[in-house]
Amino acid sequence: MSNRGARTRAALWLALAAAPAATLAPAAARAAQEPAVPAIEQAVPSLDDTASLAAFVDGVMKAHLENLKIPAAVVSIVKDGRVIFANGYGYANVEKQTRVDPATSLFRVGSTSKLFTWTAVMQLVEQGKLDLDTDVNEYLEGIEIPPTFPEPITLRHIMTHTAGFEDGAFGYLIGEDSLNQETIEEAMLRHMPARVRPPGKLASYSNYATALAGLIVQQVSGEPFNEYIERHIFEPLGMKYATFREPLPDELKPHMVTGYAREQGVYVAKPFEIVGGFRPAGSMSVSALDIARFMIAHLEGGRYGGAQILRPETAELMHRTAFTHDPRLPGMALGFYEQSINGWRTIGHGGDTFRFHTDMVLVPELRFGIFASYVGDGGPAAREGLVRAIFDRYLPPAAKASADVVAGAGADSAATREALARYAGTYRFVRMNYTDIDKVFSLFSSGIQVAALPTGRLLVSGYGDEPMQFTPVEQNLFAQVGGHRRIAFIEDDAGGVAGIVFADLPFMGTERVPWSERRGLWLLVTGGSLLLFLSVLVGLYYRWSEIRAMPAREKRAVWLAAATSAWLILSLVALVVVVSAGEERLFVEIPFTLKAWLVMPLVFVGLTAALVVTTVRAWRHGYWRLRRRLHFTLVALAAAALCLFFYTWNLLGWQFG
């Protein structure tokens, strides 16, 4: 999960907020380069110089803790089957001044937990108990995924985030009540998302699908999910400071790092976060040295010491590219997502809760891996900065690839400018909700704007902190000017541009935003309607004497318009108050105040219906002068448009996932 405020709402679907959550995240966007593997020059420092590595990482971490206000963090680095660095930073408990210990301090790792669920799936695959390409309904008991599309959902789809589910999080993604948790079965039945696209078409990060895979592990193995992970992964690897259990077992509670938020200049301790029925997607608490054992196992063909948790061929299959929107860019392995950092192919997974921010990056070719986890809002920036710093120092590109150099040929030609116009438009990530109230959170994002520039480049806004320019490289492939990011555009069956692919977000497909759901349209509609409603109320004040002298039916019409206007304004003010009062808790539970507020749009629809009927009567019976009838009609149309707004964004009724 991302930072607080508006960024919290918009980013919940980028990670498991245990999004997020949805999230709701995968690690923050990381610069992507061409996948050619560079050769390391002699002048580059060696990772085998562990003393130098320790001094370097300690220096980076010290700066991060100070500059980003991070109370606690931990790092472990492995290479060639051994831990070459591990250290804790800051305080596991600020009040008690308890230092972070990389061997025993437990960090919530959010969606990085998914890698353990995927590993469990692959264990059952190599035993012949599961098949990656069989309809998951063949393995599920007591729950059935509906046949919305002819193609069934398989474990391969789930592990590449291409199952085609919509996303959701509202009211259930995370909790604090350890005594009233849903079981995995209950959560999967109660919160089943709609299937909104055929499987295998677009990647859309899904906590639900991962939890569903955990349920399959539980039902097929005959062991409760927590126990399966403990017996078949934790115990063989000697991971004594690791658990998916919530609340923590008594013997591990003293080792839990406290989650903090910075409020009014000080750290404030926050409750232990409960993922509950979605636990296979993100409930793990683990120490840095224990997760280092897991990294080593994956880098060493499934083996750690004398334990073999996966066969070498199974591990290799798991790490191999299984889905990509464009073969020229990184894609999804089975559970791991690919990145290209300084030209090196990496696989890994990030993870976020409200309080913890984690990343794991593996370079299989070098048998090298990094794990880092942070407490606090500065965590997303810190984890990305650490990984980038280590790669830039120890694994730099063989030669600097400048996007400006790539940019030149034909960039100013009219033909290029015309060709680029087809890419212009507004796009959005398909990791969103379409059928429940969660959809309204799409309004918090203006989307990704793409414009064709006269220079023969594309200007991309809404992705990253600042707009970026991209220049053509190949058909539908673009490189960032002055940077390392790459994007590609995907086409529909008719050859039109259907979406953007970002090299650093292989788990997040996009689509063009329908005109009827563009934020600018609805800002115009709501803004114009509010002005009309305010004019009604102002007119009521200044024309009070005139209104009192009107015939009864005309007077009733004016009062109806005023009531409708006042009710809408009151509804919007009440919504702001409800949301502001418990912003983060909206993903813990659906507050009674919000459920009560949802009566207000329904009342508004009733008032609007009466207003429309009255408008017809006003024209039939000649109420007022023409100018006033036109104004009344515009008010009725504005009210109808706002009813359409409530309908479009699933705010009519109690549409909870």
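Residue positions are given per chain, counting from 1 as you read along its sequence in written order. Reporting of local features is limited, given that this is a predicted model, to residues whose pLDDT is at least 70; pairs of side-chain atoms are given and counted only at 80 or more, and all residues count toward the totals for whole chains, interfaces and linings. Water and hydrogen atoms were dropped before computing side-chain values, which therefore reflect all heavy atoms in the structure.

## Points about the nonpolar core
Across soluble globular proteins, nonpolar side chains show a tendency to be buried alongside one another. This is how the line gets drawn: Only buried residues count toward a nonpolar core, which is a set of Ala, Val, Leu, Ile, Met, Phe, Trp, Tyr and Cys residues joined through side-chain atoms within 4.5 Å. Think of it in three bands: residues with accessible area under 20% of the maximum for their type are buried, residues over 50% are exposed, and the middle band is partly exposed, with areas taken using a 1.4 Å probe on protein chains only. We call two residues in contact whenever any of their non-hydrogen atoms come within 4.5 Å of each other.
Of all hydrophobic cores here, the largest spans 80 residues; its most connected members are F116, L155, I158, M188, F234 and F294. With residues near it in sequence (within four places) discarded, M188 still touches I143, Y208, A211, L212, L215, G277 and F278. By size, the runner-up hydrophobic cluster in this structure holds 41 residues, among which are V558, I590, A636 and L651.

## Examining the pattern of salt bridges
Worth spelling out the cut-off: One speaks of a salt bridge when a side-chain nitrogen belonging to Lys or Arg is within 4 Å of a carboxyl oxygen belonging to Asp or Glu.
Within this structure, the stated rule accounts for 25 salt bridges. Residues E263 and K270 are paired through a salt bridge, measuring 2.8 Å at the closest nitrogen-oxygen approach. E263 sits in the partly exposed class, given a relative accessible area of 25%. In this structure K270 comes out as partly exposed when scored by relative accessible area, which is 24%. For R328, the salt bridge goes to D326, with nearest N and O atoms at 2.8 Å. For D326, a relative accessible area of 6% gives the class buried. Salt bridges linked by common partners bring K79, D80, E300 and R367 together as one network.

## Examining the confidence of the model for the protein
For clarity, the threshold we go by: Within a predicted model, pLDDT stands for the predictor's per-residue confidence, ranging from 0 to 100.
When pLDDT is averaged along the protein, the result is 88, and 89% of the positions lie at 70 or above. Note that residues 1-41 has pLDDT below 50 and, in this model, 191 contacts with residues that lie over four places away or in other chains.

## As for a nonpolar patch on the surface
For clarity, the threshold we go by: Residues enter patches when they are more than 30% accessible in relative terms and free of salt bridges; like-charged ones are connected within 9 Å and nonpolar ones (Val, Leu, Ile, Met, Phe, Trp, Tyr) within 5 Å. In these tables, accessible area is a Shrake-Rupley quantity obtained with a 1.4 Å probe, and a residue counts as shielded only by the protein chains included in the view. Every helix listed is a DSSP run of H or I at least four residues long, and every strand listed is a run of E at least two residues long, numbered separately from the N terminus.
A grouping of V599, L602, V603 and W654 is seen on the molecular surface, where their side chains present a nonpolar patch of about 320 Å² in accessible area. One can find W654 in the segment after α18 (626-648).

## Concerning the sheet that holds strand β5 (residues 242-243)
Spelled out, the test is: One requirement defines pairing of two strands: DSSP has to find at least two bridges between them.
The 3 strands lie next to each other as β4-β8-β5, forming an open sheet whose pairing is antiparallel. Each edge of the open sheet carries a strand with a single partner, namely β4 (107-108) and β5. Relative to strand β8 (residues 285-286), β4 is paired through 2 bridges, and the arrangement is antiparallel. Within the sheet, the bridge partner assigned to R108 lies in β8 and is S285.

## Regarding the environment of A333
By secondary structure assignment, the location of A333 is in the loop between α9 (312-319) and β11 (337-341). Residue class for A333 comes out buried when judged on its relative accessible area of 0%. Taking the C-alpha atoms as reference points, A333 and R320, separated by 13 residues in sequence, lie 5.3 Å from one another. Once you skip the residues sitting within four places of it in the chain, A333 turns out to touch M159, T160, M318, H319, R320, T321, A322 and E338.

## Looking at the environment of L534
Considering the arrangement of structural elements, one finds L534 in helix α13 (residues 519-542). The spatial distance from the C-alpha of L534 to the C-alpha of A566 is 8.2 Å, given a sequence separation of 32 residues.

## Some details on helix α3 (residues 114-126)
Threshold: Under the convention used throughout, the expected extent of a helix is 1.5 Å for every residue step, that is, one less than its residue count.
Here α3 spans 19 Å end to end across 13 residues, near enough to the 18 Å set by a 1.5 Å rise per residue. Burial of α3 is extensive: 13 of the 13 residues sit out of reach of the surface. Among the residues trailing α3, G128 stands out with phi positive, at a value near 80°.

## Quick notes on helix α7 (residues 225-237)
Applied cut-off: In this analysis the local bend is the angle between axes fitted, respectively, to the seven residues ending at and the seven residues starting at the residue.
Between its first and last C-alpha atoms α7 spans 17 Å; for 13 residues at 1.5 Å apiece the expected length is 18 Å, and the two agree. Maximum bend of α7: about 35°, positioned at R231. Where α7 is buried, its residues touch α3, α5 (184-190), α6 (207-221), β5, α8 (288-299) and β9 (303-304). Count one or two residues on from α7 and you reach G238, which has phi positive near 70°.

## Remarks on the sheet that holds strand β21 (residues 497-502)
Rules: Only the stretch in contact is used when fitting a helix axis, every axis being a line fitted to C-alpha atoms; angles between N-to-C directions are given from 0 to 180 degrees.
Within the open sheet, the 8 strands sit side by side as β21-β20-β19-β18-β17-β16-β15-β22. Their pairing is antiparallel. Each edge of the sheet is formed by a strand with only one pairing partner; in this case those strands are β21 and β22 (510-512). Ignoring strand direction, the axes of neighbouring strands in this sheet form an average angle of 30°. Note that strand β20 (residues 486-491) and β21 share 5 bridges and pair antiparallel. Residue pairing across strands places I490 opposite G499, the latter belonging to β21.

## Examining the pairing of strand β12 (residues 344-352)
For β12, the tally of buried residues reaches 8 of 9 residues, placing the bulk of the element in the interior. One ladder, built from 5 bridges, connects β11 with β12; its direction is antiparallel. What sits directly across from S340, in β12, is R345. Linking β11 to β12, which pair antiparallel, is a turn of 2 residues; within it N342 sits at a positive phi near 55°.

## Regarding unusual backbone geometry
Going from E246 to P247, the amide bond is cis rather than trans, its omega being -5°. In this structure, P247 sits in the loop between β5 and β6 (259-263). Although it is not a glycine, N476 adopts a positive phi angle of roughly 65°. As for its position among the elements, N476 is in the loop between β18 (468-474) and β19 (477-480). Notably, N650 is not glycine yet its phi reads approximately 60°, a positive angle. Mapped onto the secondary structure, N650 falls in the segment after α18. Given the relative accessible area of 8%, N650 is considered buried.

## Notes on the packing of helix α15 (residues 552-581) against α18
The following threshold applies: Whether a crossing is left-handed or right-handed is set by the direction in which the near helix is turned from the far one by less than a right angle, anticlockwise for left-handed and clockwise for right-handed. In the scheme used here, Gly and all other residues not listed as nonpolar or charged are polar, with Ala, Val, Leu, Ile, Met, Phe, Trp, Tyr, Cys and Pro taken as nonpolar and Asp, Glu, Lys and Arg as charged.
The geometry of α15 relative to α18 is characterised by a closest axis approach of 11 Å and an angle of 35° between their N-to-C directions. For the pair α15 and α18, the crossing hand works out as left-handed. Judged by residue contacts, A557, A561, T564, S565 and L568 of α15 engage F632, V635, A639, L642 and F646 from α18. Counted by class, the contact of α15 with α18 contains 8 nonpolar, 2 polar and no charged residues.

## Considering the packing of aromatic side chains
The cut-off we apply is this: Two rings belonging to Phe, Tyr or Trp (six-membered ring only in the last case) form a pair when the distance between their centres is within 6.5 Å. Interplanar angles under 30 degrees mark stacking, angles over 60 mark edge-to-face geometry, and anything in between is tilted.
In total, this model carries 27 aromatic pairs according to the counting rule given. Aromatic pair F478 and F489: ring centres 5.6 Å apart, planes at 80°, arrangement edge-to-face. In this pair, F478 is assigned in strand β19 and F489 in strand β20, connecting sequence segments 11 residues apart. Per residue, the accessibility class of F478 equals that of F489, and both read buried. Taken together, the ring pairs in this structure connect F116, F225, F234, F244 and F294 into an aromatic cluster.

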